[in-house]
Amino acid sequence: MSAEEEGGGGGRKTVHPRMETGVPRLDFITKGGLLQGASYAVLGPPGSGKTVLAHQIAFWHVKHGGKALYVTLLTESHARMLANLEGMAFFDASAIPDKLHYISGYRQLETEGLKGLLELVRRAARQHQATLLIMDGMDVAKEFARDDLTYKRFLQELQTFISIIGCTTLLLSPHNPGDLPPETTAVDGIFELSLWLAGPRAVREMVALKFRGSDSLLGKHELEISDKGIIVHPRTEVQFSKPNEQGEEHRIRMAFGIPRLDESLHGGLLSGSTTLLLGAPGTGKTLLGLRFLLEGARQGQPGVYFGFYETSQRLFEKAEGVGMGDLKKYVDEGLIEIQWQPPLEHNLDSLAERLLERIHERKVKRMRLFVDSVAGFRSASVYPERMSRFFSALSHQLRMLDVTTIYSEETALFSPGVDAPQPDATAYVENVILLRYVELRSQLYRLLSIMKMRESQYDSGIREFSITDEGITVADTFESAEAVLTGHAVLAGTPKTARRKPPMGVRSPRKKPASKAKRKTARRRRS
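Residues numbered from 1 in each chain as written. Predicted model: local features only at pLDDT ≥ 70, side-chain atom pairs only at ≥ 80, totals over all residues. Heavy atoms only, no water.

Turning our eyes to something else, we now look at the overall build of the chain. For the chain, the count of helices and strands is 15 helices and 24 strands. When burial is assessed residue by residue, the chain has 49% of its 527 residues classed as buried. Here the analysis covers contacts within the chain between residues at least 6 apart in sequence; of these, 69% occur between residues at least 24 apart. Taken as a whole, the chain presents about 26700 Å² of accessible surface, with 51% of it coming from carbon and sulfur. (Helix = DSSP H or I, 4+ residues; strand = E, 2+ residues; numbered from the N terminus. Buried < 20%, exposed > 50% of the residue type's maximum accessible area, 1.4 Å probe, protein only. Contact = heavy atoms within 4.5 Å. Areas by Shrake-Rupley, 256 points an atom, 1.4 Å probe, with all protein chains shown as cover.)

For helix α14 (residues 387–400), with 14 residues, the first-to-last C-alpha span of 20 Å sits near the 20 Å given by 1.5 Å per residue. Looking one or two residues past α14, Asp 402 carries a phi angle of roughly 60 degrees, positive in sign. (Expected span 1.5 Å × (residues − 1).)

Read across the open sheet, the nine strands follow the order β7-β6-β8-β9-β5-β10-β11-β12-β13; overall the sheet is mixed. Every other strand in the sheet has two partners, leaving β7 (100–104) and β13 (229–233) as the edge strands with one partner each. Between one strand and the next, the sheet's axes are offset by a mean angle of 25 degrees, whatever the strand orientation. Strand direction decides the pairing type here: strand β11 (residues 201–211) and strand β12 (residues 220–226), joined by three bridges, are antiparallel. Residue pairing in the sheet places Glu 205 in a bridge with Glu 222 of β12. In this fold helix α4 (residues 106–127) packs onto β6 (68–72), β7 and β8 (132–136), with an angle of close to 180 degrees to the strand it touches most, β6. (Pairing = 2+ DSSP bridges. Axes fitted to C-alpha atoms, helices over the stretch in contact; angles between N-to-C directions.)

What follows covers the environment of Leu 43. Topologically, Leu 43 is positioned in strand β5 (residues 39–44). Note: C-alpha distance between Leu 43 and Leu 180 (137 residues apart in sequence) is 8.7 Å. Ignoring any residue separated from it by four or fewer positions in sequence, one finds Leu 43 in contact with Lys 50, Ser 173, His 175, Leu 180, Pro 181, Glu 183, Thr 184, Ile 190, Phe 191, Glu 192 and Leu 193.

Moving on, we get to the packing of aromatic side chains. Tallied over the entire structure, the rule returns 20 aromatic pairs. Here the aromatic rings of Phe 306 and Phe 308 are separated by 5.8 Å at their centres, their planes lie at 85 degrees, and the arrangement is edge-to-face. Seen from their ring centres, Phe 377 and Phe 391 are 5.5 Å apart, and the 75 degrees between their planes marks the pair as edge-to-face. Of this pair, Phe 377 sits in helix α13 (residues 374–380) while Phe 391 is found in helix α14, placing the two residues 14 residues apart along the sequence. The pair Phe 377 / Phe 391 is uniform in exposure class, with both members buried. Here the aromatic cluster, defined as three or more aromatic residues joined through ring pairs, consists of Phe 306, Phe 308, Tyr 309, Phe 377, Phe 390, Phe 391, Tyr 407 and Tyr 428. Seen from the ring of Tyr 330, Lys 329 lies directly overhead, with NZ or CZ sitting 4.5 Å from the centre. Sitting above the plane of the Phe 292 ring, Arg 368 keeps its charged end 4.4 Å from the centroid. (Phe/Tyr/Trp six-rings, centres within 6.5 Å; stacked < 30°, edge-to-face > 60°. Lys NZ or Arg CZ within 6 Å of the ring centre and 35° of its normal.)

Everything listed is a geometric property; what it means functionally is a separate question.
Below, the structure written as structure tokens:
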């Protein structure tokens with residue numbers, strides 16, 4: 001098949017025809033799929049998914065009109081290999097052997113060497129008119145070569161043949177990190193799969209080390225294997241490395257429906273903005289986020305709750321207890337959607353994909369989103385240093401979709417200062433709202449303050465924040481508390497020399513009793 005040509009001005013650019021793999025997001029990493037007639041090495045340790053990946057590509061290829069030839073150089077029988085694949089969603093027994101044909105090259109390799117194997121592959125490829133060739137167990141072929149030069153010559157002759165007939169080829173080999181086999185210098189592309197442990201967690205990853213003739217997404221990308229086959233999850237910050245700079249031009253205010261808070265925000269959060277809701281456990285972050293979604297639903301604006309720790313039923317019970325009983329009604333009507341991530345091992349980029357794809361599917365504007373909480377994403381990451389770039393990319397995509405987002409983030413329960421678990425979070429959010437506890441006269445009070453709000457004026461006063469069975473209220477400025485951000489409340493007008501009451505559970509230090517001589521002297525002076 002000839003390559004297409006396109007271009008304008010003074011030159012032409014060759015566009016090679018592509019072969020889609022059918023592996024979710026692998027074609028996204030390769031910017032369109034494998035190049036037809038090219039050869040690719042698929043490397044990885046046992047269990048990393050090489051055989052599953054090759055079969056998933058093969059069944060997709062024959063389903064869409066191609067023909068595949070699968071050559072095994074292993075001692076494992078074809079029946080046993082296929083039995084391990086029968087539970088996969090992509091497996092189609094009806095395609096075997098007419099569209100997907102299997103042959104074993106081990107006996108030919110053992111008796112006639114690499115030359116005999118090459119001749120076998122040539123005959124079978126022509127006979128079955130293969131447009132996809134898979135050779136599984138290239139390490140075995142290498143063992144029959146006298147030296148690396150002989151093996152490379154075999155690979156070169158194989159390359160010449162497949163390029164003539166336009167057959168795309170996958171060469172599967174076991175692989176140890178840092179040890180690249182000889183075929184990597186002869187092929188057009190290299191996909192390296194890995195399987196390693198991050199603590200008790202098993203992590204599978206893919207990296208495109210080489211991809212001639214096209215751009216590709218560099219670096220490691222996590223992949224998972226399920227009964228659906230292999231799914232690749234490109235890193236979020238690489239997927240959106242060239243974000244659209246244009247967002248929604250006409251922006252409106254998105255209110256909470258809490259009068260004093262909306263006044264402090266000069267009408268509400270700006271649509272398309274991102275807000276970080278900081279607070280210790282129990283300060284009311286989840287309820288305030290739900291209140292934001294509920295107010296939007298009352299105005300006809302759709303909302304999404306994306307959480308990790310609260311099931312739908314628990315959220316309904318929570319809302320019912322604080323005067324927000326109509327939450328369930330809006331969920332049933334579809335205005336508010338609850339996406340609960342069960343407490344399992346998650347993939348960081350898979351979570352972002354799930355969130356963004358669902359927002360795309362709804363095809364609505366002015367959406368409200370409450371992510372409860374950032375810690376759920378953080379626990380899914382095996383590379384903590386990624387978090388800032390990940391959230392920056394995710395937040396920008398949400399802005400471009402005109403989604404007004406609130407992230408909740410937990411701080412220490414009793415801390416003398418405000419320490420965010422991710423200090424650089426303020427770089428990717430426009431607004432920061434802080435919820436705090438303060439102790440005053442042996443009572444705990446909730447306080448709310450707006451720490452930051454870009455592109456808008458706001459009231460920086462500290463306000464009392466109350467949660468009752470009638471709802472959420474924000475009071476006027478809490479004038480009786482000073483230095484509240486240090487975690488210590490002092491009554492206004494109290495003399496500086498007055499001794500503070502010690503915290504609960506801490507005894508007041510006792511004064512050391514005066515000596516007998518000092519008491520005698522004191523009595524003489526008084527007399």
